[in-house]
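Here are the chains, one letter per residue:
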Amino acid sequence: MRRKEELSNEAVSPLAADLHDWYARNHRVLPWRGITDAYRIWISEIILQQTRVVQGYEYYNRFVSRFPDVRALAAADDDEVMKLWQGLGYYSRARNLLAAARQVVERFGGEFPRSYDDIRSLPGIGDYTAAAIASFAYGLPHAVVDGNVYRVLSRIYGIDTPIDTTEGKKLFAALADELLDRQDPGGYNQAMMEFGALYCVPRSPQCGGCIFADRCMALATGRVEELPVKQGRTVVKPRYFNYFYVRHEGYTWVRRREGRDIWRNLYELPLVETAEEQPLDALQQSEVWGELFAGAGRVSVSAQVYSCKHVLSHRVIHARFYVVETEQKPAMPGYLRIEAGAIGDYAVSRLTEGFFEKMSMNYPSLF
Ligand code: SF4
């Protein structure tokens, strides 16, 4: 990272020059910083999309030590990648990582692409991630625009155009591009995002000692907490999942979720989803129950052992888990019969992981 005095005043905006200085003094040292390996930068950016740095740190280290380059990831077993991702959430990221790694091998001969358009063409890579990889790895002049950048720019320039509108997106993208330091786009992008992550944070930013306090429009007009403005509200839909941990002679059943729903490629216990909350006896009358437990003989169901509310970005899952013992082997169409002791080998959602954790504490004999 170069300091202000080393940069040409003509090419670098005062804002960019101040950011470079601030970054040199304040940035966190992280394993994906200061490197030019596009593969590792890509992995870190995908992990950090919906994950805090503290949590992402461990996942990143595990991921790159298991899959040190794009060819190793492309050759990986899908289930192993999902298992490594377990607990991070937003599992489409892991599926896209695999798909993109395989495309890098097929379309680009195993070399991570070097142009913005080629990088942007890979699954799971949007404008932000493509700009981050292109600028950090190759020094290409593409400005990143993420939540941090929206916040910093809307406050300094006092812009109240909603950031989730087409107009807002265009306006901020143009401003970010105009301010970009073309001599050091990677360094500038890192500095801008780090400033938003550490200093100009959503709640109670550190305006007192801020390097932009003398020119920040939001501070001058008392609108710091109001900016940036968002127009839309996400509609959150409730869903009701009733899971059954079924036991018969040391075996249990799981299935891999398919289709375009949440948690695709993760494993789950036998499920009866209902349109609203249903008591156990109503579940036992349902058609799905009849199919699952056909041929099971006497079925004993524990009183409900675990229930919780699991919040995702567009869904709230109201989940209940029951433990079921069956006299005979149940039909369980579409489910895989596995040894109960091997259940930990399967990648499951954070929700199901929570159930297992609770059960292994309260009922260790079952696990
Ligand atoms: S003065 Fe406050 S709101 Fe303005 S840029 Fe600095 S930290 Fe952000």
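Residues numbered from 1 in each chain as written. Predicted model: local features only at pLDDT ≥ 70, side-chain atom pairs only at ≥ 80, totals over all residues. Heavy atoms only, no water.

With 14 residues, helix α11 (residues 185-198) should reach 20 Å at 1.5 Å per residue; the first-to-last C-alpha distance of 20 Å fits that figure. Buried residues dominate α11, accounting for twelve of its 14 residues. Buried within α11 we find Pro185, Gly186, Gly187, Tyr188, Asn189, Gln190, Ala191, Met192, Met193, Glu194, Phe195 and Gly196. (Helix = DSSP H or I, 4+ residues; strand = E, 2+ residues; numbered from the N terminus. Expected span 1.5 Å × (residues − 1). Buried < 20%, exposed > 50% of the residue type's maximum accessible area, 1.4 Å probe, protein only.)

Before going further, it helps to spend a moment on the pattern of salt bridges. All told, the structure shown has 21 salt bridges when counted by the stated rule. Across the pair Asp78 and Arg102 runs a salt bridge, and its minimum N-O distance is 2.9 Å. Pair noted here: Asp78 is in helix α5 (residues 78-85) and Arg102 is in helix α6 (residues 92-108), with a separation of 24 residues, a long-range link. The exposure class assigned to Asp78 is partly exposed, which follows from its relative accessible area of 29%. Residue Arg102 is classed as partly exposed on the basis of its relative accessible area, which comes to 26%. Residue Asp214 pairs with Arg215 through a salt bridge whose shortest N-O separation is 3.5 Å. Its relative accessible area of 65% is what places Asp214 among the exposed residues. Through salt bridges with shared partners, one network takes in Arg239, Arg255, Arg257, Asp261, Glu268 and Glu273. (Salt bridge = Lys/Arg side-chain N within 4 Å of Asp/Glu carboxyl O.)

To continue, consider the pairing of strand β1 (residues 237-247). Counting buried positions over the eleven residues of β1 gives nine, a clear majority of the element. Of the strand pairs in this sheet, β1 and strand β7 (residues 315-326) are connected by eleven bridges, and their pairing is parallel. Bridge pairing in β7 links Tyr243 to Phe321. One ladder, built from four bridges, connects β1 with strand β4 (residues 271-274); its direction is antiparallel. Bridge pairing in β4 places Asn242 opposite Val272. (Pairing = 2+ DSSP bridges.)

Here the focus is the domain arrangement of the protein chain. Here the domain parsing of the protein chain yields domain 1 (4-226) and domain 2 (237-366). Contacts between the two partners involve nine residues from domain 1 and, on the opposite side, 15 residues from domain 2. Overall, the association of domain 1 and domain 2 removes approximately 960 Å² of surface from exposure, summing both partners, and the carbon and sulfur fraction of that is 47%. Among the residues of domain 1 in contact with domain 2, Gln86, Tyr91 and Arg95 are the three that bury the most area, contributing 48% of the side total. Scanning the region where domain 1 abuts domain 2 turns up one salt bridge. Of the charged contacts, one joins Asp79 and Arg256 as a salt bridge, the two residues approaching to 2.8 Å between their closest N and O atoms. On the surface where domain 1 and domain 2 come into contact, there are six residue pairs in polar contact (both at pLDDT 80 or more). Broken down by class, the residue content of the side of domain 1 that touches domain 2 amounts to three nonpolar, two polar and four charged. (Domains from an automatic or database assignment. Contact = heavy atoms within 4.5 Å. Buried area = accessible area lost by both parts, 1.4 Å probe. Polar contact = N/O pair within 3.5 Å; in protein donor to acceptor, adjacent residues only side chain to side chain. Nonpolar A, V, L, I, M, F, W, Y, C, P; charged D, E, K, R; others polar.)

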